[in-house]
Amino acid sequence: MFRIHKFRLILLITQNQNNQNQNNGKIIDIKTLDIPYPNDPNILLDPIDKSTKPEVTTTNENTEVTENNESTDQLINNQSFNPLTNTSLDNPLNTTTESPPILPKNYNGPINPNFYSQFEQKRLLVNFNDYELDNNSIIRQNATILSLVRNEELYDMLSSIQQVEDRFNGKFHYDWVFLNDKPFTDEFIKLTSSLCSGITRYGIIPHDHWSYPDFIDQDTAKKIREMKKFQNIPYWKSESYRHMCRFNSGFFYKHPILNDYQYYWRVEPNVFFNCNIVNDPFKFLVDNNKLYGFTIAMLEFSKTIPNLFKLTKEFFLKNDLIKKNYLPDINDSLLNFITDISKFENYDEIDVDKLNYNLCHFWSNFEIANLDLFRNELYESFFQYLDKSGGFFYERWGDAPVHTLAVAFMLRKDQVHIFQDISYRHTVAGTCPLNDQQLVDLKCSCNPELDWAWNSASSCRD
């Protein structure tokens, strides 16, 4: 069953002499589209007995406990508790009560020095006079390094910071934004800021961005997480992982701190950069009109996304206005990389039900991108369409396939870049230059014979 929701979409169109309907990331037109939204979570996974209703929490003026006798301390640890309560940001503006720091005179970044952003817990400056900045050779872009991290991941985060600072940022001094669904501890702020060579900013995620939407049946979601047949799938049982993937799919770019930036580089705890990064990847994206960059593409676990591609096809290909006016030419897109679309010559010939997804996705724990990729109503409506289906909670959708599908449908392939000159490793996968001279020039510490992209059957090398 579907219902119709109308969205006013600011759609992306390429101003191209040969094809005025291609997408180059410029907002130049406004349309209203009728988009069917799935509103029945039973379209996902297997049917589940919903006869057992979730416990109802009730309070009154005389008590602070619930029907199942949860204490106030227990409520604080509950997902529904607002993390801003009793913090410096617990005010109508969700803004720190401290006076904002004064920016260095020679700072050329985007921050407004007169006020903190909403949901900004702390901002620490560096004295750029301590660095030898050659304004003729080093010009920072409007960009930041971005980390979603928990307090308990402090030492893994410190390791990642040290990697990035030693290999790259010690020369460029880009800002570093840290986001958390809970307030950062003083220890976290003190130790991370001591390693960063740029301004550090610490933000708390708005409660609405890291909690269950009202259309999710939490009891059903819990039953799905506890299904035994899925327990061998990584993170299947994790509730917080699902909130994280939903946040990275549809909310991170809306955090008020990121309003100060145009580009971001995502860096997670416990990652490794095995070679020096001598060229500024932000500048490369700017100079070459790229919107998205990655290092590794791999296969997704099929059981985590049984309905994701079905819904994606419905959104992009079953709405004639989107299909005919706002997708790049079928041969210019990246759909050939992730689907069997090559058997069709144009969008009109596609049998949507017979179009298959090969499960390849960009491993989004490393991505460098232009935030305008997400800051438009086409992507926003795509995310809302997916979100309303409940798949982040009733299945186990990752943000990596969501980002990948959006990039493949919305962008031309010349707007996407693989950073083969950046040696990156995280958990099971990593890359290493195969050129002997490059290993020497970039002072690499990795073994090219172990390069995951060429040795793993889970790699998408084509």
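Residues numbered from 1 in each chain as written. Predicted model: local features only at pLDDT ≥ 70, side-chain atom pairs only at ≥ 80, totals over all residues. Heavy atoms only, no water.

As its UniProt record puts it under Sequence similarities (unreviewed entry), the protein is described as follows: "Belongs to the glycosyltransferase 15 family." Listed in UniProt under the heading Subcellular location (unreviewed entry), the comment for the protein reads: "Membrane". (UniProt positions renumbered as here; feature names shortened; annotations may be inferred.)

A. Structural context of the nonpolar core. Counting 76 residues, the largest nonpolar core has Phe 252, Tyr 292, Phe 316, Leu 317, Ile 350 and Tyr 379 as the members making the most contacts within it. Among the elements that take part in this core, helix α12 (residues 399–410) stands out by supplying seven residues, more than any other. Counting 37 residues, the second largest nonpolar core, distinct from the first, contains Val 267, Ile 368, Phe 419 and Trp 452. (Core = buried A, V, L, I, M, F, W, Y, C linked by side-chain atoms within 4.5 Å. Buried < 20%, exposed > 50% of the residue type's maximum accessible area, 1.4 Å probe, protein only. Helix = DSSP H or I, 4+ residues; strand = E, 2+ residues; numbered from the N terminus.)

B. Expanded view of unusual backbone geometry. Positive phi is not limited to glycine here, since Asn 94 has a value of about 50 degrees. Counting through the fold element by element, Asn 94 comes out in the loop between α1 (72–76) and β3 (120–124). Positive phi, normally seen in glycine, also occurs at Asn 289, with a value near 55 degrees. Secondary-structure assignment places Asn 289 in the loop between α6 (281–287) and β9 (292–294). For Asn 289, a relative accessible area of 60% puts it in the exposed group.

C. Quick peek at the sheet that holds strand β14 (residues 424–426). Ordered in space as β8-β14-β15, the three strands form an open sheet in which the pairing is antiparallel. Sheet topology places β8 (271–273) and β15 (429–430) at the edges, where each strand pairs with a single neighbour. As paired elements, β14 and β15 share two bridges and run antiparallel to each other. Each bridged residue has a counterpart across the sheet, and for His 426 the counterpart in β15 is Ala 429. (Pairing = 2+ DSSP bridges.)

D. Molecular detail of the state of the cysteines. All chains considered together, the criterion is met by three disulfides. Note on cysteine connectivity: Cys 275 is disulfide-linked to Cys 444, with sulfurs 2.0 Å apart. Because the sign of the S-S torsion sets the handedness, a value of about 120 degrees for the bond joining Cys 275 and Cys 444 places this disulfide among the right-handed ones. Linking Cys 275 in the loop between β8 and α6 with Cys 444 in the loop between α13 (436–441) and α14 (452–455), this pair joins segments that are 169 residues apart in sequence. Shown here is the disulfide that connects Cys 360 with Cys 460, its sulfur atoms set 2.0 Å apart. Sign of the S-S torsion, about -105 degrees for the bond between Cys 360 and Cys 460, identifies this disulfide as left-handed. With Cys 360 in strand β11 (residues 360–362) and Cys 460 in the segment after α14, the pair connects residues that are 100 residues apart, well separated along the chain. Each member of the pair Cys 360 and Cys 460 is classed as buried. (Disulfide = S-S within 2.5 Å.)

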